[in-house]
Amino acid sequence: AKSTYDVVVVGAGGAGFAAAIEAKNTGASVVMLEKMPTVGGNSLISGAEMNAARNWVQPKLGILDDSAERHAQDTYIGGDKKGDLEVIRTMTGNALSAAKWARDYIGVRFEPDNLFMFGGHTRKRALIPYGQTGTEFITKLYAKANELKIPVITNMKAVELIKDASGRVVGVKATMNGQNYEFDAKGGVVLATGGFGHNAAMVKKYDPSLDERFKSTDSPSATGEALYMAERAGAELVNMQYIQTYPICDPVSGSIELIADARFDGAILINQKGQRFVEELGRRDVISHAILAQPGSYCWVLWNDKIGNISKTVEAHPDEYSVFTKTGTMKTCGDLKCIAEFTKIPYSNLKATIDRVDSMTGPGNDKDFHNRGGLVDMSQGKYYVVKAVPSIHHTMGGIRINPKSQALDKNGKVIPGLYAAGEVTGVTHGTNRLGGNAYADILVFGRIAGEGAAWDALSLG
Ligand code: ADP
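Residues numbered from 1 in each chain as written. Predicted model: local features only at pLDDT ≥ 70, side-chain atom pairs only at ≥ 80, totals over all residues. Heavy atoms only, no water.

Participant: An account of the domain arrangement of the protein chain is needed here, citing residue identities and associated values.
Facilitator: Domain parsing of the protein chain yields domain 1 (2–197 + 396–460) and domain 2 (245–392). Contacts between the two partners involve 22 residues from domain 1 and, on the opposite side, 17 residues from domain 2. Here domain 1 packs against domain 2, burying approximately 1,400 Å² in sum over the two surfaces, 49% of which is carbon and sulfur. The three residues of domain 1 that bury the most area against domain 2 are Phe116, Met117 and Gln132, which together make up 31% of that side's buried surface. If you look at where domain 1 meets domain 2, you find two salt bridges. Note that Asp265 is salt-bridged to Lys124, the shortest N-O span being 3.8 Å. One can count four residue pairs in polar contact (both at pLDDT 80 or more) joining domain 1 with domain 2. Listed by contribution, the elements that provide at least two residues to the side of domain 1 that touches domain 2 are α3 (68–78) and β4 (110–116). (Domains from an automatic or database assignment. Contact = heavy atoms within 4.5 Å. Buried area = accessible area lost by both parts, 1.4 Å probe. Salt bridge = Lys/Arg side-chain N within 4 Å of Asp/Glu carboxyl O. Polar contact = N/O pair within 3.5 Å; in protein donor to acceptor, adjacent residues only side chain to side chain. Helix = DSSP H or I, 4+ residues; strand = E, 2+ residues; numbered from the N terminus.)

Spelled out as structure tokens, the structure:
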């Protein structure tokens, strides 16, 4: 079966929805193809915090000196200068308008007076969606796509890009239940197919150190075949060896422990001896490596109510709380003795660590590991402790794009008709994606790609 649209969007995660909605509102006819039975991809299970410098919450927290350029530099330096600075600046310069678009047009609700400060950032700038997961974004984006009457075809897997004699991408071949389909695109195809963090063989191929010891935080959809589809159509894949582990994940399932995001408000990381061993707000790669170097290659995340009353992660993630408590990954205690018993950390060590933390509270006072958010008084309970290991989380590499979200070939030339946005792209985050940058990335470049492909369709007539 064959059908024709102005724009074909492959993948119904955050980037795909942003692209399809923007394409439609530019005046194009659009279809979305999704290989899974449900929409959302990794964007759905993400914590979904979104960095935007000069956002509306920052003044409430007294943060008045942030800027898009500061955000760009944090991103560039946080990725060891392996990202493309012009692409990065495009992301940081458009993040605030994308966040306002999400808030005012899509209807995404954000926590009104808190922000997260993820590792590697020099300012607190991550907006927090209600529920602290991507559900808030994806349900609202999906509802908007429905309202705009954009067909979203699930169980439809794109398998090949179609090019015409001039080299322009003019459609995709796809399959559903063994049947072949063809979707022609007058303007262009937007690849928004996500990363490959759930494809263990592919991960190991590009970074042999990430072997069988590692589980993945990612959605089963993140298997990356579309990267090879793009490569066959001439796109250059770059930075594929840069694969991020998320340091704080469930040892049982490999899933990210969103409940342990209390770290962003002062939770500490300790090893089996009860000692701190790394800056809790350091880069993800740095913390991951530090955890792997501890006895047993795991750590404990410990916080108390004073921290929990700010981060509210227990309230935000009741499912994690009950599952982790049931499986013995997590424990809630009235005092430190109980924490020591549960974790089997010697009580005297634990007490010494907490006393030391209490002697160094407040910004700039952590003489041991320089926690950039500042330590918090932990003398009083309740206490929460959760066991954590690193797990494969984000694949920084992918299709080389320019600031217009156009896919480039090996010679740096635009492949006409081919756009890419989100985790499938490879030049935004360099060696290491900073927390809160994925949602900025997917919304900004999704919108740019969708508008670009729509404009191509309209101008080609
Ligand atoms: P991003 O954050 O970049 O938007 P996500 O992981 O959230 O990435 O979304 C990517 C989506 O693309 C997933 O829902 C995934 O199932 C879908 N997808 C991946 N490959 C294909 C393909 N070949 N055809 C159709 N959909 C795909």
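Next, the rest of the story.
Participant: Can you tell me about the site of the ligand, naming the residues and giving the values?
Facilitator: Near the ligand you find 24 residues, and of these Ala15, Glu34, Ser43, Ala158 and Glu423 are the closest. In this structure, an oxygen atom belonging to the ligand sits 3.2 Å away from a main-chain N or O atom of Gly14. Within the contact set of the ligand, an oxygen atom lies 2.5 Å away from a side-chain nitrogen or oxygen of Glu34. Surface burial for the ligand is 97%, taken as the share of its 580 Å² of free accessible area covered by protein chains. Elements supplying a minimum of two residues to the shell around the ligand: α1 (14–26), α2 (41–45) and β7 (157–163). The element best represented in the shell around the ligand is α2, accounting for three residues. A class-by-class count of the residues in the shell around the ligand yields nine nonpolar, eleven polar and four charged. (Near = heavy atom within 4 Å. Areas by Shrake-Rupley, 256 points an atom, 1.4 Å probe, with all protein chains shown as cover. Nonpolar A, V, L, I, M, F, W, Y, C, P; charged D, E, K, R; others polar.)

Participant: So what about the sheet that holds strand β5 (residues 126–129)? Which residues, and what values?
Facilitator: As summarised here, the arrangement of the three strands in space is β3-β5-β4, forming an open sheet in which the pairing is antiparallel. Here the strands that pair on one side only, and so sit at the sheet edges, are β3 (50–51) and β4. Judged from the three bridges that link them, β4 and β5 form a sheet pairing that is antiparallel. Among the inter-strand pairings, Leu115 is bridged to a residue of β5, identified as Leu127. (Pairing = 2+ DSSP bridges.)

Participant: Could you give an account of the environment of Asn51, naming the residues involved and the relevant values?
Facilitator: If you trace the backbone, Asn51 turns up in strand β3. Sequence-distant contacts of Asn51, defined by excluding residues within four places in its chain, comprise His71, Ala95, His121, Arg125, Ala126, Gly435, Gly436, Asn437 and Ala440. Here the side chain of Asn51 touches His121 through a polar contact of 3.2 Å, side chain to side chain. Here the side chain of Asn51 touches Asn437 through a polar contact of 2.9 Å, side chain to side chain.

Participant: Requested: an account of the packing of α1 against helix α5 (residues 135–147), with residues and values cited.
Facilitator: Taken N-terminus to C-terminus, the directions of α1 and α5 make an angle of 30°; their axes are 10 Å apart at the nearest point. The angle between the axes of α1 and α5 places the two elements in the roughly parallel class. In this structure, α1 crosses over α5, and the sense of that crossing is left-handed. Of the residues in α5, those in contact with Gly14, Phe17 and Ile21 of α1 are Ile138, Leu141, Tyr142, Lys144 and Ala145. A per-class count over the contact of α1 with α5 returns six nonpolar, one polar and one charged. (Axes fitted to C-alpha atoms, helices over the stretch in contact; angles between N-to-C directions. Parallel < 35°, antiparallel > 145°, perpendicular 65-115°, else oblique. Left-handed = near helix turned anticlockwise from the far one by under 90°.)

Participant: Please give an account of the nonpolar core that cites residues and values.
Facilitator: Nonpolar side chains in soluble globular proteins tend to be buried together. Counting 92 residues, the largest nonpolar core has Phe137, Val189, Leu191, Ile399 and Leu443 as its most contacted members. Not counting the four nearest positions on each side in its chain, Leu191 is found in contact with Val10, Leu161, Ala226, Met229, Ala230, Ile399, Leu418, Tyr419, Ala420, Ala421 and Val424. Ranked by size, the runner-up nonpolar core spans 51 residues in total, among them Ile128, Met330, Ala340 and Leu375. (Core = buried A, V, L, I, M, F, W, Y, C linked by side-chain atoms within 4.5 Å. Buried < 20%, exposed > 50% of the residue type's maximum accessible area, 1.4 Å probe, protein only.)

Participant: How would you explain the pattern of salt bridges if you had to name every residue and give the values?
Facilitator: A complete count under the given rule lists 28 salt bridges for this structure. We note a salt bridge from Glu22 to Arg447, for which the minimum N-O separation is 2.8 Å. With Glu22 in helix α1 and Arg447 in helix α14 (residues 437–460), this pair connects stretches of sequence that are 425 residues apart. As far as the burial class goes, Glu22 and Arg447 line up, both buried. With a closest N to O distance of 2.9 Å, Arg125 and Asp74 form a salt bridge. Within this pair, whereas Arg125 is found in the loop between β4 and β5, its partner Asp74 is found in helix α3, the two being separated by 51 residues in sequence. The same class applies to Arg125 as to Asp74, namely buried. Among the charged side chains, a network of salt bridges with common partners joins Lys2, Glu182 and Asp184.

Participant: Tell me about the state of the cysteines, and name the residues and values.
Facilitator: As enumerated under the stated definition, the model contains one disulfide in all. Note that Cys333 is cross-linked by a disulfide to Cys338, the S-S spacing being 2.0 Å. One disulfide, between Cys333 and Cys338, carries an S-S torsion of -60° and so falls in the left-handed class. When its relative accessible area of 2% is taken as the criterion, Cys333 is described as buried. Free of any disulfide, Cys249 has its nearest cysteine sulfur in Cys299, 10 Å distant. Its relative accessible area of 0% is what places Cys299 among the buried residues. (Disulfide = S-S within 2.5 Å.)

Participant: Can you explain the packing of helix α12 (residues 336–343) against helix α13 (residues 347–358)? Please cite residues and give values.
Facilitator: Orientation of α12 relative to α13, taken along the N-to-C sense of each, is 130°, at an axis distance of 9 Å. It follows from the interaxial angle that α12 and α13 lie oblique. For the crossing formed where α12 meets α13, the hand is right-handed. Along the contact surface, α12 presents Leu336, Lys337, Ile339 and Ala340, while α13 presents Tyr347, Leu350, Lys351 and Ile354. Grouping the amino acids of the contact of α12 with α13 by side-chain chemistry returns six nonpolar, no polar and two charged.

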